[in-house]
Amino acid sequence: MRFFYFILYITIFVFPIIVQAQVLDIDTDNDGLSDEQELNIYFTDPKNSDTDGDGYLDGEEIKNNYSPLFGDKKKLIQVDSDKDYLNDAWEIILGTGLMNPDSDYDKFLDGTEVAAGYDPLDSQPNKLPKTIKISLTKQNLTYTFGEKTLGSFPISSGVKTMPTPKGNFTVLAKIPVKHYGGVGYNYPNTKWNLQFKPSFFVHGAYWHNKFGQTMSHGCVNVAYENMEALYWWAQIGTPVIIE
Ligand SMILES: [Ca+2]
Ligand SMILES: [Ca+2]
Ligand SMILES: [Ca+2]
Ligand SMILES: [Ca+2]
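Residues numbered from 1 in each chain as written. Chains lettered and ligands numbered in written order. Predicted model: local features only at pLDDT ≥ 70, side-chain atom pairs only at ≥ 80, totals over all residues.

**A few points about the overall build of the protein chain**
Threshold: For the purposes of this entry, the term helix denotes a DSSP run of H or I that reaches at least four residues, the term strand denotes a run of E that reaches at least two, and both are numbered from the N terminus. Every radius of gyration here is taken over C-alpha atoms, with the globule rule written as 2.2 Å times N^0.38, N being the number of residues. Labels follow a simple rule on C-beta atoms placed from the backbone: if 20 or more others lie within 10 Å of a residue's own, it is buried; if 12 or fewer, it is exposed; otherwise it is partly exposed.
In terms of helices and strands, the protein chain carries six helices and nine strands. Compactness check: the protein chain gives a C-alpha radius of gyration of 23 Å against a globular reference of 18 Å for 243 residues, more than 25% above the reference. In terms of overall dimensions, the protein chain has C-alpha extents of about 90 × 40 × 35 Å along its principal axes. Each of the 243 residues in the protein chain was classed as buried or not, and the buried ones make up 31%.

Printed below as a string of structure tokens:
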């Protein structure tokens, strides 16, 4: 009799859980994303391995930070599927809804919340710390929102004779376009400048592509493709830690 109840228990409670888990794990179109991921996270077609028809599998695109929804070699960070001012790459990192402009239903758009430093998954007005960390030895910049890393990439700091200062700073000013010039250099219309100390900036650089090695007169050079999102996200007062 006891054995009978054991079998009954397995049939009623355990078996459906196993079946359900397997159903969620299925990858019907064999594109590297499970049906569940396609339906609930990436909003791709679980029955079409190449949703945007650009010749690359949905799973392949996600793995390489490209959008499986927009062809034309669009990176996830360049698209905003639900038009809430938060790009698809950061929606996936933060766990907000790719197709839900207000993930915590507090009447503020996800992107508006992140820009202002609020947690887009918490309907209470709680803030998450923003931090920009620069390693001069690694020639790298990483920026985090709460526990999540939104970006990490190579930079070019000051050369030996004009080193970038080390220390704990904050963003003092956001200047969209700036002209840098001096003896032997002239860089007009430089985009996305974050000042962290009088005459020192983290800024976009269009005149070289040697990120990962020292190049500058003391500022922190960032490639344009990385600087735009960082500039948008940074706020006056955001800590800039340079080690
Ligand atoms: Ca799939
Ligand atoms: Ca594709
Ligand atoms: Ca969005
Ligand atoms: Ca919200």
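**Re the domain arrangement of the protein chain**
Our working definition: In this document the domain limits rely on a domain assignment from an automatic tool or a database. C-beta atoms are placed from the backbone for every residue, and two residues are taken to be in contact when these atoms lie within 7 Å. The classification used treats Ala, Val, Leu, Ile, Met, Phe, Trp, Tyr, Cys and Pro as nonpolar, Asp, Glu, Lys and Arg as charged, and all other residues, Gly among them, as polar.
If you check the domain split of the protein chain, you get domain 1 (2-116) and domain 2 (130-242). Taken together, the contact between domain 1 and domain 2 spans seven residues of the former and five residues of the latter. Elements represented by at least two residues in the side of domain 1 that touches domain 2 include exactly α4 (88-94) and α5 (110-116). It is α4 that contributes the most residues to the side of domain 1 that touches domain 2, three residues altogether. Here the residues of the side of domain 1 that touches domain 2 are counted per class, giving six nonpolar, one polar and no charged.

**As for the environment of Asp 31**
With respect to the helices and strands, Asp 31 occurs in the loop between α1 (2-25) and α2 (35-42). For Asp 31, a count of 24 C-beta atoms within 10 Å gives the class buried. Sequence separation between Asp 31 and Lys 127 is 96 residues, and the spatial gap between their C-alpha atoms is 37 Å. Asp 31 has contacts with Ser 49, Leu 57, Asp 58 and Gly 59, leaving out every residue within four places of it along the chain.

**Some points on the environment of Thr 190**
With respect to the secondary-structure elements, Thr 190 resides in strand β6 (residues 185-197). Sequence separation of Thr 190 and Lys 178 is twelve residues, and the distance between their C-alpha atoms is 5.1 Å. Leave out the neighbours within four places in its chain, and Thr 190 touches Val 177, Lys 178, His 179, Tyr 180, His 203 and Gly 204.

**Quick word on unusual backbone geometry**
Glycine aside, residues mostly have negative phi angles, and peptide bonds mostly take the trans form. Although it is not a glycine, Asn 30 adopts a positive phi angle of roughly 55°. Along the polypeptide, Asn 30 turns up in the loop between α1 and α2. Accessibility expressed as a C-beta count within 10 Å gives 10 for Asn 30, which makes it exposed. For Phe 43, which is not glycine, the phi dihedral falls at a positive 55°. Checked against the element boundaries, Phe 43 lands in the loop between α2 and α3 (58-63).

**A closer look at the nonpolar core**
Just so we agree on the cut-off: Structurally, a nonpolar core is described as a collection of buried Ala, Val, Leu, Ile, Met, Phe, Trp, Tyr and Cys residues joined by way of C-beta atoms within 7 Å.
One finds Leu 141, Leu 194, Val 202, Val 220, Val 222, Leu 230 and Ala 234 to be the most contacted residues of the largest nonpolar core, which totals 33 residues. Mapped onto this core, the elements with two or more residues apiece are α4, β1 (130-135), β2 (140-145), β6, β7 (200-205), β8 (220-223), α6 (224-233) and β9 (239-242). Among the domains, domain 1 (2-116) and domain 2 (130-242) are the pair contributing at least three residues each to this core. If we skip the residues at most four places from it in the chain, Val 222 touches Leu 141, Ile 155, Val 202, His 203, Gly 204, Ala 205, Met 227 and Leu 230.

**Concerning the sheet that holds β6**
In plain terms, the rule: In this description, strands pair whenever DSSP reports at least two bridges between them. To obtain each axis, a line is fitted to C-alpha atoms, and for helices this fit is confined to the stretch in contact; angles are then taken between N-to-C directions over 0 to 180 degrees.
Read from one edge of the open sheet, four strands run β5-β6-β7-β8, paired in mixed fashion. Every other strand in the sheet has two partners, leaving β5 (173-182) and β8 as the edge strands with one partner each. Neighbour-to-neighbour, the strand axes of this sheet turn through a mean angle of 40°, independent of strand direction. By the bridge criterion, four bridges tie β6 to β7 in an arrangement that is antiparallel. Opposite Leu 194, over in β7, you have Val 202 as the bridge partner. Packing of α6 onto the sheet brings it into contact with β5, β6, β7 and β8, and relative to β8 it is tilted by some 105°.

**Considering the sheet that holds β9**
Strand order in the open sheet formed by five strands is β3-β2-β1-β9-β4, and the pairing between neighbours is mixed. Single-partner strands in this sheet number two, and they are β3 (148-154) and β4 (167-170). Neighbouring strand axes in the sheet, compared pairwise and without regard to direction, differ in orientation by 15° on average. Pairing between β4 and β9: four bridges, direction antiparallel. What sits directly across from Asn 168, in β9, is Ile 241.

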